[in-house]
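Report on the structure
The primary structure of each chain is shown beneath.
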Amino acid sequence: MSLTVTTRRAILASTGSLFGYATWKVRSDPLHLVWDLDNTLICSISPVPAKDDPRYLSQRPSDYFDHIDDDFPYEEDTPNTRTY
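Source: prediction; values computed, not measured. Residue numbers restart at each chain and count upward from 1, following the sequence in its written direction. This being a predicted model, a pLDDT of at least 70 is required before a residue's local features are given, and a value of 80 or more before pairs of side-chain atoms are given or counted; all residues contribute to the totals for chains, interfaces and linings. Hydrogens and waters are ignored; side-chain quantities use all the structure's heavy atoms.

Some words on the overall build of the protein chain
Every helix listed is a DSSP run of H or I at least four residues long, and every strand listed is a run of E at least two residues long, numbered separately from the N terminus. Assigned secondary structure in the protein chain consists of one helix and three strands. Secondary structure of the protein chain in N-to-C order comes out as α-β-β-β. When each of the 84 residues of the protein chain is scored for burial, the buried share is 12%. Exposed residues in this analysis have more than 50% of their type's maximum accessible area, buried residues have under 20%, and partly exposed residues fall in between, with area computed by a 1.4 Å probe over protein chains only.

Topic: the sheet that holds strand 2 (residues 65–67)
A pair of strands is considered paired only if DSSP assigns at least 2 bridges between the two. Taking strand neighbours across the sheet as the criterion, the three strands line up as 1-3-2 in an open arrangement whose pairing is antiparallel. Each end of this open sheet is capped by a strand with a single partner; those strands are strand 1 (44–45) and strand 2. Of the strand pairs in this sheet, strand 1 and strand 3 (residues 81–83) are connected by two bridges, and their pairing is antiparallel. Pairing of I45 across the sheet is with R82, part of strand 3.

Quick notes on the packing of aromatic side chains
Aromatic pairs are defined between Phe, Tyr and Trp rings, using the six-membered ring for Trp, whenever the two ring centres lie within 6.5 Å; interplanar angles under 30 degrees are classed as stacked, those over 60 as edge-to-face, and all others as tilted. On inspection of all chains with the given rule, the structure shows zero aromatic pairs. Here the basic side chain of R82 rests over the ring of Y64, its NZ or CZ set 4.0 Å away from the ring centre. Here, a charge over a ring is recorded when the distance from Lys NZ or Arg CZ to the ring centre is within 6 Å and its angle to the ring normal is within 35 degrees.

A short note on unusual backbone geometry
Residue D77 is not a glycine yet carries a positive backbone phi of 60 degrees. Positionally, D77 belongs in the loop between strand 2 and strand 3.

Looking at the environment of D77
According to the relative accessible area criterion, D77 is exposed, its value standing at 67%. Sequence-wise, D77 and H67 are ten residues apart; in three dimensions their C-alpha atoms are separated by 9.1 Å.

Concerning the layout of surface pockets
The space that makes up the second largest pocket amounts to roughly 180 Å³. Of the grid points, spaced at 1 Å and generated over the protein atoms alone, those admitting a 1.4 Å probe that cannot get out make up cavities, while open sets with protein on both sides within 12 Å along at least five of seven lines make up pockets; any residue with an atom within 4 Å of a point is treated as lining. Around the second largest pocket, the lining residues are V48, P49, A50, K51, D53, Y56, L57, Q59, Y64, D66, P79 and R82. Note on residue classes: Ala, Val, Leu, Ile, Met, Phe, Trp, Tyr, Cys and Pro are nonpolar, Asp, Glu, Lys and Arg are charged, and everything else, Gly too, is polar. When grouped by side-chain class, the residues that make up the lining of the second largest pocket number seven nonpolar, one polar and four charged. Grid points are joined across faces, edges and corners, and a volume is the space filled by probe spheres set on the points.

A few points about the side chain of N80
Inspection of the secondary structure puts N80 in the loop between strand 2 and strand 3. Under this definition, polar contacts are N or O atom pairs within 3.5 Å; protein pairs additionally need one hydrogen-donor-capable and one acceptor-capable atom, and for neighbouring residues in sequence, both atoms have to be side-chain atoms. Reaching out from N80, the side chain makes a polar contact with the side chain of T81 at a distance of 3.0 Å. The contact definition used throughout considers only heavy atoms, calling two residues in contact when any of these lie within 4.5 Å. Beyond its immediate chain neighbours, meaning those up to four positions away, N80 contacts I45, S46, P47, V48, H67, I68, D69, F72, P73 and Y74.

Worth remembering: the numbers are spatial, not functional.
What follows is the structure, given as structure tokens:
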């Protein structure tokens, strides 16, 4: 199947404009991942344990992540929950 020159140019122009739009969108409006952990089968502790708490000293940072849970009081940009 041979495409005419005009058809090929139209396809290339639309592909280029889609790529340009996608690039602009990624730079101007980055993706933010937000999820709610309320009804999940994971262990969450709030508030985040103190760094010198002997029960949690053996935990490696790769075993958990700290995050903000909006169901508990929190200060701006300070994680209030630790999830294992």
